[in-house]
Amino acid sequence: MANRMILNETSYFGKGAIAEIVPEIKRRGFKKVVVVTDAGLIKFEVATKVTALLAKAGIDFKVYDGIVPNPTIENVKDGVAFVKEAEADCLVAIGGGSPIDTAKAIGIITTNPEFSDVLSLEGVADTKNPCLPILAVPTTSGTAAEVTINYVITDKANNRKFVCVDPHDVPIVAFIDSDMMMGMPKGLCASTGMDAMTHAIEGYITKGAWEMTDMLHIKAIEIIGKSLPDSVKGVQTAREEMALGQYIAGMGFSNVGLGLVHGMAHPLSAWYNIPHGVACASLLPTIMKYNKDFTGEKYRDIARVLHVAGIEEMSIEEARDAACAAIDSLSKEVGIPATISELGVKAEDLPAIAEDALRDVCTPGNPRDTNIEDIIALYQSLM
Ligand SMILES: NC(=O)c1ccc[n+]([C@@H]2O[C@H](COP(=O)([O-])OP(=O)(O)OC[C@H]3O[C@@H](n4cnc5c(N)ncnc54)[C@H](O)[C@@H]3O)[C@@H](O)[C@H]2O)c1
Ligand SMILES: [Fe+2]
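Nothing here was measured: the structure is a model prediction, and the numbers come from that model. Position labels on residues start from 1 in each chain and follow its written sequence. Lettering for chains starts from A, numbering for ligands starts from 1, and both go in the order in which the items are written. Restriction of local features to residues with pLDDT of at least 70 applies here, the model being predicted, together with a cutoff of 80 or more for giving and counting side-chain atom pairs; totals for whole chains, interfaces and linings are based on all residues. Excluded from the side-chain calculations are hydrogens and water; all other atoms, namely the structure's heavy atoms, are used.

Draft legend 1. Focus on the nonpolar core. Membership of the largest hydrophobic core comes to 73 residues, with the highest contact counts inside it found for Met-194, Met-197, Ile-221, Leu-268, Leu-283 and Tyr-379. Shared between two domains, this core takes at least three residues from each, and those domains are domain 1 (10-181) and domain 2 (188-381). With sequence-adjacent residues up to four places away left out, Leu-283 is seen in contact with Val-261, Met-264, Ala-265, Leu-268, Ile-340, Tyr-379 and Leu-382. Judged by nonpolar contacts, the second largest core, of 31 residues, contains Val-83, Leu-91, Leu-121 and Ile-134. Only buried residues count toward a nonpolar core, which is a set of Ala, Val, Leu, Ile, Met, Phe, Trp, Tyr and Cys residues joined through side-chain atoms within 4.5 Å. In this scheme, a residue with accessible area under 20% of its type's maximum is buried, one over 50% is exposed, and one in between is partly exposed, where area comes from a 1.4 Å probe on protein chains only. What counts as a domain boundary in this text is fixed by an automatic or database domain assignment. By definition, residues are in contact when any of their heavy atoms lie within 4.5 Å.

See the structure below:
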């Protein structure tokens, strides 16, 4: 079977990259822009760095800022109505994964209105048309939603997060600018950074991994391992490296899928509104250990790029344990919660949550085949 690679069309990297947004909008002839973002990013003057550029250039734009973390079906439907009313010909998505993912769903439904119930987009939807063009400006260094073919929406009525996979949703231009990420508080920087590390590790060991995605994921693990602690401390150069590291991870996992960390994280966010990065980060060290015997030499590779001393001399067992220990220690260093009970997870909910995790679209990518008993036990070990 052929391996498929899909990436976004154009990306600008580096401090100050958002200066390219006005020339890109003009060059492509867009006339009416809807900015998709969240209210916090307006209030804390993050999204306004971009809207100020649009205003100064005389570009006609309107702002839809109703998106919440773990964005909902209602966010998407309201956004579709907003975009229709504005007669927009492109979207500028500014934010973490939540606004960028919502912009993808809005953009897809605008050009494929037969999916306007939103729920029918779950999994691989048979959309016929590319979404309304999206220019994406990430403000967290985690999800890489600006380069991936995925988006994740929450069905609040049924306590579910569902993943949609659709090459038609990829933003046409992305601006990976560390200035947009400097405002992240420490906790957000740490959890979104560990989300990116989870993408890189799950993408590296997932069943569909191959040479090209291995190349991307191992580099991402190296960059994130080196820069995350300083990025959390607010060092600009480290935030810049993280911006790149998370993007490289996205180039990979978008094309091969993830694994059980994401499968088990999605229901935690759906049930308790736990931020995605926090959910992934608290699960990663435990699930790495669960998977270790199903990873060949890959944990040695991970430990090597995390600069674990003496890695070449270790037995495969020792090397696997060393990789797990290195991620455990990185996670502790950046202040990730060690249990899920402290995130509000209730023991009596675990059997039902585990059912959702088993059904999640990310779970089959896990290198170790799993089952309901193992998933319940994994959750319980983190209580
Ligand atoms: N599309 C994908 O491939 C993909 C991959 C992983 C996760 N996701 C999804 O993305 C969502 C999570 O996105 P996220 O972790 O980036 O966070 P988010 O977009 O949910 O934002 C979380 C909070 O951080 C704030 N924030 C964002 N940037 C900030 C900044 N620079 N300064 C100050 N505050 C800032 C926001 O206002 C918000 O309150 C989840 O729904 C998750 O499932 C998508
Ligand atoms: Fe993620």
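Draft legend 2. Local environment of the site of ligand 1. Around ligand 1 lies a shell of 30 residues, among which Gly-97, Ser-98, Asp-101, Thr-139 and Thr-140 are the nearest. Polar contacts here mean pairs of N or O atoms no more than 3.5 Å apart (in protein, one a potential hydrogen donor and the other a potential acceptor; neighbouring residues in sequence count only if both atoms are side-chain atoms). Here Asp-38 contributes a side-chain N or O atom positioned 2.8 Å from an oxygen atom of ligand 1. To be clear on the numbers: accessible area is Shrake-Rupley with a 1.4 Å probe, and residue cover counts the displayed protein chains and nothing else. For ligand 1, the protein covers 89% of the area, taking 870 Å² as the surface of the free molecule. Helix and strand labels come from DSSP, where a helix needs a run of H or I of at least four residues and a strand needs a run of E of at least two; each type is numbered from the N terminus. Among the elements of the structure, helix H5 (97-111), strand S7 (150-155) and helix H6 (186-205) are those that each provide at least two residues to the shell around ligand 1. The element that contributes the greatest number of residues to the shell around ligand 1 is H5, accounting for 5 residues. Classes in brief: Ala, Val, Leu, Ile, Met, Phe, Trp, Tyr, Cys and Pro nonpolar; Asp, Glu, Lys and Arg charged; the others, Gly included, polar. Within the shell around ligand 1, the residues separate by chemical class into 12 nonpolar, 13 polar and 5 charged. Counting residues domain by domain, the shell around ligand 1 receives three or more from each of domain 1 (10-181) and domain 2 (188-381). Near, as used in this document, describes a residue that has one of its heavy atoms within 4 Å of the molecule or strand being considered.

Draft legend 3. Focus on the pattern of salt bridges. In what follows, salt bridge is the name for a side-chain nitrogen of Lys or Arg lying within 4 Å of a carboxyl oxygen of Asp or Glu. This structure, assessed with the given rule, holds 21 salt bridges. The shortest N-O distance in the salt bridge between Lys-289 and Asp-328 comes to 3.3 Å. One end of the pair, Lys-289, is in helix H10 (residues 276-291); the other, Asp-328, is in helix H12 (residues 316-333), with 39 residues separating them in the sequence. Of the residues examined, Lys-289 reaches a relative accessible area of 40% and is grouped as partly exposed. Between Arg-304 and Glu-312 there is a salt bridge; the shortest N-O distance is 2.6 Å.

Draft legend 4. Seen up close, helix H3 (residues 48-56). Among the residues of H3, Val-50, Thr-51 and Leu-54 are the ones counted as buried. Viewed end-on, H3 has its buried residues packed into an arc of 95 degrees, placing them on one side of the element. At the C-terminal side of H3, Gly-58 shows a positive phi close to 75 degrees. The reported arc concerns the directions from the helix axis to the C-beta atoms and nothing else.

Draft legend 5. Looking closely at the domain arrangement of the protein. Examined at the domain level, the protein breaks down into domain 1 (10-181) and domain 2 (188-381). The centre of domain 1, based on its C-alpha atoms, is set 26 Å off from the matching centre of domain 2. Of the residues lining the interface, 25 residues belong to domain 1; the matching set on domain 2 comes to 28 residues. Throughout, buried area stands for the accessible area (probe radius 1.4 Å) lost by two parts on being put together, summed over both. Taken together, the two surfaces of domain 1 and domain 2 that pack against each other cover about 2200 Å², and 57% of this comes from carbon and sulfur.

Draft legend 6. Representation of the side chain of Asp-356 in the model. Mapped onto the elements of the fold, Asp-356 is located in helix H13 (residues 350-359). With near-sequence residues (within four places) excluded, Asp-356 lies in contact with Asn-159, Pro-267 and Trp-271.

Draft legend 7. Representation of the packing of helix H7 (residues 211-232) against helix H8 (residues 236-256) in the model. For helices, the axis comes from a line fit to the C-alpha atoms of the stretch in contact; other axes are also lines fit to C-alpha atoms, and the angle between any two N-to-C directions lies between 0 and 180 degrees. Orientation of H7 relative to H8, taken along the N-to-C sense of each, is 150 degrees, at an axis distance of 8 Å. What the angle tells us is that H7 and H8 run roughly antiparallel. Once H7 is placed against H8, the crossing between them reads as left-handed. Residue composition of the contact of H7 with H8, by class: 14 nonpolar, 7 polar and 5 charged. Roughly parallel here means an angle under 35 degrees, roughly antiparallel means over 145, roughly perpendicular means 65 to 115, and every remaining angle is called oblique. Take the far helix as your reference; a near helix turned counterclockwise from it by less than a right angle gives a left-handed crossing, and one turned clockwise gives a right-handed crossing.

Draft legend 8. Highlighting the coordination of the iron ion (ligand 2). Sodium, potassium and calcium take a 3.2 Å donor cutoff, other metals 2.8 Å, and in both cases only N, O and S atoms count; water is not among them, so sites may look incomplete. Within the first shell, the iron ion (ligand 2) binds the protein through Asp-195 (OD), His-199 (NE2), His-262 (NE2) and His-276 (NE2), at distances of 2.1 to 2.2 Å. Around the iron ion (ligand 2) sit 4 donor atoms, and with donor-metal-donor angles ranging over 85 to 168 degrees the site reads as irregular. When the donor residues of the iron ion (ligand 2) are listed from N- to C-terminus, their spacing reads D-x3-H-x62-H-x13-H. Taken together, the residues span a long stretch of sequence, with His-199 in helix H6 and His-262 in helix H9 (residues 260-272) at a distance of 63 residues. In this structure, His-199 and His-262 share a single accessibility class: buried. Every angle between 85 and 135 degrees makes a four-donor site tetrahedral, while opposite donors more than 155 degrees apart, with all other angles between 65 and 115, make a four-donor site square planar and a six-donor site octahedral; other sites are irregular.

Draft legend 9. Quick peek at the sheet that holds strand S6 (residues 134-138). An order of S1-S9-S6-S4-S2-S3 is seen for the 6 strands of this open sheet, with the pairing classed as parallel. The open sheet has two edge strands, strand S1 (10-13) and strand S3 (60-64), and neither has a second partner. Put simply, the sheet's adjacent strands are angled 15 degrees from each other on average, direction ignored. Bridge count for strand S2 (residues 32-36) against S3 is 5 bridges, and the pairing is parallel. Counted as the bridge partner of Val-35 is Val-63 from S3. Along the sheet, H5 makes contact with S2, S3, strand S4 (90-95) and S6, crossing S4 at roughly 160 degrees. Strands pair, by our definition, only if DSSP identifies at least two bridges between them.

Draft legend 10. Region of interest: the environment of Val-83. Inspection of the secondary structure puts Val-83 in helix H4 (residues 73-86). Given a relative accessible area of 2%, Val-83 falls into the buried group. The sequence separation of Val-83 and Glu-348 amounts to 265 residues, and the corresponding C-alpha distance is 42 Å. Beyond its immediate sequence surroundings of up to four residues, Val-83 is in contact with Val-34, Ala-88, Leu-91, Ile-106, Thr-110 and Leu-132.

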